[in-house]
Amino acid sequence: MAVKTPKYAFLSETGKLINTGISRSIILSGNIYDLFLPTSSDSTDTASNEDDYIPLVPFLCQKWNVSGFILLVYELNGPIRFTSETDRNRLKAAYGRWKQQTDDGLPLLDDPQISPQFDEYLHDATGNSTVALEFLRQLCMLSRAKGKKPLLKENLLILIEAADMLLPEGEIPRLSAADRHRVSIVQDWFLDPAFINAGDAVIFIAESRSLVNSQITRLPQVVSVDIPAPDMETRKHFISWFNQARKRQDISTNRGKDLRLWGTQEQLALLTAGLTLHALRQLLMLACYTGEKLQPSTVIDKVADFIQSQLGEDVVEFKKPGHGLKDVVGNRKLVAFLREKLRPRIQSTGVDAIAGAAVGGPIGCGKTFIFEGLAGDLDMPVLVLKNIRSQWFGQTDVIFERLRRLLMVLVKAMIFVDEADTQFGGVDKDAHATERRLTGKIQAMMSDPQLRGHITWLLMTARIYNLSPDLRREGRVGDLIIPVLDPEGEDREAFIRWSVSDVYGHKLNTTVIDKLREITEGYSAASFASLRSDLRAEAKEDQLTLDQIIEVAEDRILPNVGAIRHYQTLQALINCTRKSLLPMDYSPELRERWAQEIRLLEQSGMVG
């Protein structure tokens, strides 16, 4: 299968920043722990070349080992590494001459001796990151030292791994003395006008910019470049490359098993959206080890496990509902709307695609069950957001960045947010800074044109009035706010019949229906589900008579939540954005009556 070799936009973006002088201090963040292919081009390739996918730092060392630059790599608790012994000796000589210069820029000796401090610094830098950063800062002075000519004609390109551990985020007074010292060194380094105007460049590598100390990231000259998760074409190439490499290995070693798929490599690439190449490799290696044909269910399980491991099981759940809209009782008008109007817009990738919808209605009206049924009918990945606000300082931003990186590569997915009013905070001055930042980012993501037609947000809450107005505006979920209300009329009759269907095998006559309609006045979907459960418990393995059914129903008393449920119903009605979804004919006067009733309930103190 002919596939294009991967193209890495972050390489050209970083190169542009350095070559134009826009920035000399760059943070590479995002998918930094993945695999990359050194031979990247725009040409079509059969993926049969023998170049291996390699980690980021070796990849960068191959791509950026160019004339005019000396490449240095520093890793936490490791040495400062050079790409060649020649580069090391050239730097050592220049450093020695720099140390022996007088104030007028002339050397102290006609034949200056190599400074022993260079080797001492290199030795001390191993395992001491503070010394390492100070030494690297000094090396950047060689090409702009005193004198008519720079002591080093090449520019330095310095790669520094684990920047988040070297310069951890946190308030300066709370950092350790060593951490404060390193922040101070880097701050002085990047603020030096001579460094800014020279040709050297420093590349920090960290998963998230938010994990690097804000004293550094707030500097205007520090620019971030994102490494995205592998897209469809990258995954296609990797699968093809893996298959070819596996065959070469089988021929050379006469052992191993071929990769067997249920379908095409392109289908596998589509289904593995969200996986890194590392995770994809694990999936393929396991398939080759077992020799069994790789099935879609196995791939979906792997994607679900990987996403939950990256975002945290307490943050996101990968869900596949087991029921559809056909299993929804009552709600005839709403179900018809979902099938005929909303479903096509969720499936669309054109201008008619919808960013999302909000769902309001009183507690217990069945919002979650109904929209899980819609998700089941759509048969697309469903991510259930459970708690995106982390208790750990700084982790909320990291989780969000991982989520966004994931969503950018999913072809089609639904984001399902239950109790949405508690998941997202506000953006006003009274909200916590982290909540304001998170909510702002979520709002921007909902209206992001890159995600429109690929990601659909479903925000459900009984307290639609607590959802941020910025989330409820048009262009986000305000395009469609759907009320889910207690069953009335034929819908309530459908719930009555459903409640007794397990314990009474005969058709209910009109008299019994009317009696049960009277008894179940004010019932919600949850109330009917509870009645159904009570009837089952009473019947055990047997059937009930009509008198027994009525006796069980008459014995029940609804919880004392009527006032708040009425208030939530009014809020769902007044926030609804479709006249056709209302249970009555709409008029501005009717909406004003709802508003007045809401104000009276609030003034009475019956609702909080």
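Details of the structure are given in the entry above.
Scope of this entry: the structure provided in the associated data block. (Residues numbered from 1 in each chain as written. Predicted model: local features only at pLDDT ≥ 70, side-chain atom pairs only at ≥ 80, totals over all residues. Heavy atoms only, no water.)

Here's the deal with the overall build of the protein
Under the convention used in this document: In this description a helix means any DSSP run of H or I spanning at least four residues, a strand means any run of E spanning at least two, and both kinds are numbered starting from the N terminus. Here, residues are in contact when the closest pair of their heavy atoms is within 4.5 Å. Surface accessibility in these figures is a Shrake-Rupley result with a 1.4 Å probe; residues are shielded only by whichever protein chains are displayed.
The helix and strand inventory of the protein stands at 25 helices and 16 strands. The contacts in the protein between residues at least 6 apart in sequence include a share of 76% that link residues at least 24 apart. Accessible surface computed for the protein: about 28900 Å², of which carbon and sulfur atoms make up 50%.

Structural notes on the packing of aromatic side chains
Our working definition: Stacked, edge-to-face and tilted are the three classes for Phe, Tyr and Trp ring pairs, Trp counted by its six-membered ring, which pair at centre distances within 6.5 Å; planes under 30 degrees apart are stacked, over 60 edge-to-face, the rest tilted. Burial classification: accessible surface area is computed with a 1.4 Å probe over protein chains only, and a residue below 20% of its type maximum counts as buried, one above 50% as exposed, and the rest as partly exposed.
In total, this model carries 24 aromatic pairs according to the counting rule given. Note on Phe-495 and Trp-498: the rings are 6.0 Å apart at their centroids and 90 degrees apart in plane angle, and the pair reads as edge-to-face. Of this pair, Phe-495 and Trp-498 are both found in helix H20 (residues 490–500), three residues apart, which corresponds to roughly one turn of the helix. For Phe-495, a relative accessible area of 5% puts it in the buried group. On the basis of relative accessibility, which here comes to 26%, the residue Trp-498 falls in the partly exposed class. Aromatic side chains Tyr-523 and Phe-528 sit 5.2 Å apart centroid to centroid with 65 degrees between the ring planes, which places their arrangement in the edge-to-face category. Phe-528 matches Tyr-523 in its accessibility class, with the two residues each being buried.

Observations concerning the packing of helix H22 (residues 525–539) against helix H23 (residues 546–554)
Test applied: Note on method: axes are straight lines fitted to C-alpha atoms, helices fitted across the in-contact stretch only, with angles between N-to-C directions ranging 0 to 180 degrees. For classification purposes, an angle smaller than 35 degrees is called roughly parallel, one larger than 145 roughly antiparallel, one from 65 to 115 roughly perpendicular, and anything else oblique. Crossing handedness follows the turn of the near helix against the far one: under a right angle anticlockwise gives a left-handed crossing, and clockwise gives a right-handed one. In the scheme used here, Gly and all other residues not listed as nonpolar or charged are polar, with Ala, Val, Leu, Ile, Met, Phe, Trp, Tyr, Cys and Pro taken as nonpolar and Asp, Glu, Lys and Arg as charged.
Interaxial distance between H22 and H23 falls to 10 Å at its minimum, and their mutual angle equals 130 degrees. Here H22 is positioned oblique relative to H23, judged by the angle of their axes. By crossing handedness, the relation of H22 to H23 is classed as right-handed. Between H22 and H23, the contacting residues are Leu-531, Asp-534, Leu-535 and Glu-538 on the first element and Ile-549, Val-552 and Ala-553 on the second. Looking at the contact of H22 with H23 residue by residue, the classes come out as five nonpolar, no polar and two charged.

Brief notes about helix H3 (residues 85–99)
Selection criterion: Expected span, for any helix, means 1.5 Å times one less than how many residues it has.
Counted at 1.5 Å a residue, the expected span for H3 with its 15 residues is 21 Å, and the 21 Å between its end C-alpha atoms agrees. The set of residues buried in H3 consists of Asp-87, Leu-91, Lys-92, Ala-93, Ala-94, Tyr-95, Gly-96 and Trp-98. On its buried face, H3 is in contact with strand S6 (69–74), strand S7 (80–82), helix H4 (117–125), helix H5 (129–139) and strand S8 (155–160).

As for the nonpolar core
Basically, it comes down to this: Definition used in this section: a nonpolar core is a set of buried Ala, Val, Leu, Ile, Met, Phe, Trp, Tyr and Cys residues joined via side-chain atoms within 4.5 Å.
With 83 residues, the main nonpolar core has Phe-10, Leu-60, Leu-407, Trp-457 and Leu-459 as its most contacted residues. Take this core: its biggest share by element is seven residues, from helix H12 (residues 277–290). Contact partners of Leu-60, with chain neighbours within four places excluded, come to Phe-10, Leu-11, Leu-28, Asn-65, Leu-71, Leu-159 and Ile-205.

A short note on the sheet that holds S7
Threshold: Note on pairing: two strands pair once DSSP finds at least 2 bridges between them.
Pairing in this open sheet of six strands is mixed, and the strands run S7-S6-S8-S9-S2-S10 from one edge to the other. Since the sheet does not close on itself, it has two edges, and those belong to S7 and strand S10 (222–227), each with one partner. Shown here is a sheet whose adjacent strand axes are inclined to one another by a mean of 25 degrees, direction ignored. Where S8 lies against strand S9 (residues 201–205), four bridges are found, and the strand directions are parallel. Residue pairing in the sheet places Ile-158 in a bridge with Val-202 of S9. The sheet strands contacting H3 are S6, S7 and S8, and the helix crosses S6 at an angle near 95 degrees.

A closer look at the pairing of strand S13 (residues 382–385)
Neither face of S13 is exposed, since Val-382 and Val-384 on one face and Leu-383 and Leu-385 on the opposite face are all buried. Inspection of the sheet shows strand S11 (residues 316–319) paired to S13 by four bridges, in the antiparallel sense. When the sheet's bridge partners are listed, Glu-317 is paired in S13 with Val-384. Judged from the four bridges that link them, S13 and strand S14 (residues 413–418) form a sheet pairing that is parallel. Of the residues in S14, the one forming a bridge with Leu-385 is Val-417.

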